[in-house]
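Residue strings, one per chain:
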Amino acid sequence: MTITRPDPDGVAIRPAERADLLAVVRIESASFPEPWPMSAFEHFLGQPGFLVAVDPADAVAGYAVADVTPTHGGLLGHLKDIAVHPERRGEGVATALLERVFAVLREHGADSVKLEVRESNDPARELYRSAGFEPLRRVEGYYGNGEDALVLLREIDGGSDPLDAF
C-alpha cells in the first residue's frame, strides 16, 4: 500500500479500504444533494484512484475517486468524485487529494484529467481553478435536479510528483 507522507497538519493520503466506506458515504451525504450510494464506492474499492485522506488516528477527512479511460487520443483521467468532511474544509485536504490523484493518473498513463462540477458549486469551482483546471464546456441538465454541469480539464504535467518534497 502506498501512503503519502503526512502534510504539516498530519493528514496522509492512502488507498481506500473497505473499513473506510461508512465514513466516505457519510462525507458524501453531507457534501452533495444527490449523494452516491455505498454500492458506487464499493465498485471502486481496490482501484488505484480511490483514495482517502486520513488523520493520525486514521479517521477519514476526505476522499477522491478517479480513473483512467482510453480515448481516441490516448488516456484521459476522470475525477469522478471528491469531498472533504465539513469540519476539515479549508485545511488543504482537497488540494492534497488532488495532487495525489494527479500523480496516480499520471502513473497510469493519463496526460490530462477532466471533471464535472455543478455550476452553482462556487467553492469547488474555485478549488479547481486554483488547481489549474480550465472550462471545456457546459452540459445542460446534467444533474438529477436539472442543474447544468461545467466540464473542466487540466493537463497533467510529466514533471516530478509535488508530494515528493515531503
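Residues numbered from 1 in each chain as written. Predicted model: local features only at pLDDT ≥ 70, side-chain atom pairs only at ≥ 80, totals over all residues. Heavy atoms only, no water.

A. Broad picture of the layout of surface pockets. As a volume, the largest pocket reaches approximately 800 Å³. Mapped by element, the contributors of at least two residues to the lining of the largest pocket are α1 (21-31), β4 (74-84), α3 (93-107), β5 (112-118) and α4 (122-130). Examining the composition of the lining of the largest pocket, we find that 7 residues originate from one element, β4, more than from any other. Classifying every residue of the lining of the largest pocket gives 17 nonpolar, 6 polar and 9 charged. (1 Å grid on protein atoms, 1.4 Å probe; cavity = no way out; pocket = protein on both sides within 12 Å on 5 of 7 lines; lining within 4 Å. Points joined across faces, edges and corners; volume = space filled by probe spheres on them. Helix = DSSP H or I, 4+ residues; strand = E, 2+ residues; numbered from the N terminus. Nonpolar A, V, L, I, M, F, W, Y, C, P; charged D, E, K, R; others polar.)

B. Expanded view of the sheet that holds strand β6 (residues 134-139). Pairing is mixed in the open sheet, where 7 strands are placed in the order β1-β2-β3-β4-β5-β7-β6. Here the strands that pair on one side only, and so sit at the sheet edges, are β1 (12-15) and β6. The average undirected angle you get between the axes of adjacent strands in this sheet is 25°. Note that β6 and strand β7 (residues 149-155) share 5 bridges and pair antiparallel. Looking at β7, one finds that P135 is bridged to L152. (Pairing = 2+ DSSP bridges. Axes fitted to C-alpha atoms, helices over the stretch in contact; angles between N-to-C directions.)

C. Up close: the nonpolar core. Ranked by internal contacts, the top residues of the largest apolar core, which has 31 residues, are L79, L97, L98, Y128 and F133. For this core, the secondary-structure elements that each account for two or more residues are β2 (50-54), β3 (60-71), β4, α3, β5, α4 and β7. Considering each element in turn, this core owes the most residues, 9 residues, to α3. Membership of the second largest hydrophobic core comes to 16 residues, among which are L45, V54, Y63 and A83. (Core = buried A, V, L, I, M, F, W, Y, C linked by side-chain atoms within 4.5 Å. Buried < 20%, exposed > 50% of the residue type's maximum accessible area, 1.4 Å probe, protein only.)

D. Molecular detail of the packing of aromatic side chains. Taken as a whole and judged by the stated rule, the model has 7 aromatic pairs. Ring centres of W36 and F41 lie 5.1 Å apart, and the angle between their planes is 40°; on these two criteria the pair is classed as tilted. Judged by centre distance (6.0 Å) and plane angle (20°), the ring pair of W36 and F44 falls under stacked. Judged by relative accessible area, W36 falls into the partly exposed class, the value being 23%. Here the guanidinium or amino end of R154 rests over the ring plane of F102, the centre of that ring lying 4.1 Å away. (Phe/Tyr/Trp six-rings, centres within 6.5 Å; stacked < 30°, edge-to-face > 60°. Lys NZ or Arg CZ within 6 Å of the ring centre and 35° of its normal.)

E. Inspection of α4 at higher detail. Turning to α4, its buried residues are A124, L127 and Y128. All buried residues of α4 project into a common sector of 95° when viewed along the axis, lining one side. Across from the buried face of α4, at angles greater than 90 degrees, the exposed residues are D122, P123, R129 and S130. In this structure, the buried residues of α4 make contact with β4, α3, β5 and β7. Between the side-chain oxygen of the N-cap and the backbone nitrogen of A124 there are 3.2 Å, and the N-cap of α4 in question is N121. One or two positions beyond α4, positive phi appears at G132, with a value near 95°. (Arc of directions from axis to C-beta. Contact = heavy atoms within 4.5 Å. Polar contact = N/O pair within 3.5 Å; in protein donor to acceptor, adjacent residues only side chain to side chain.)

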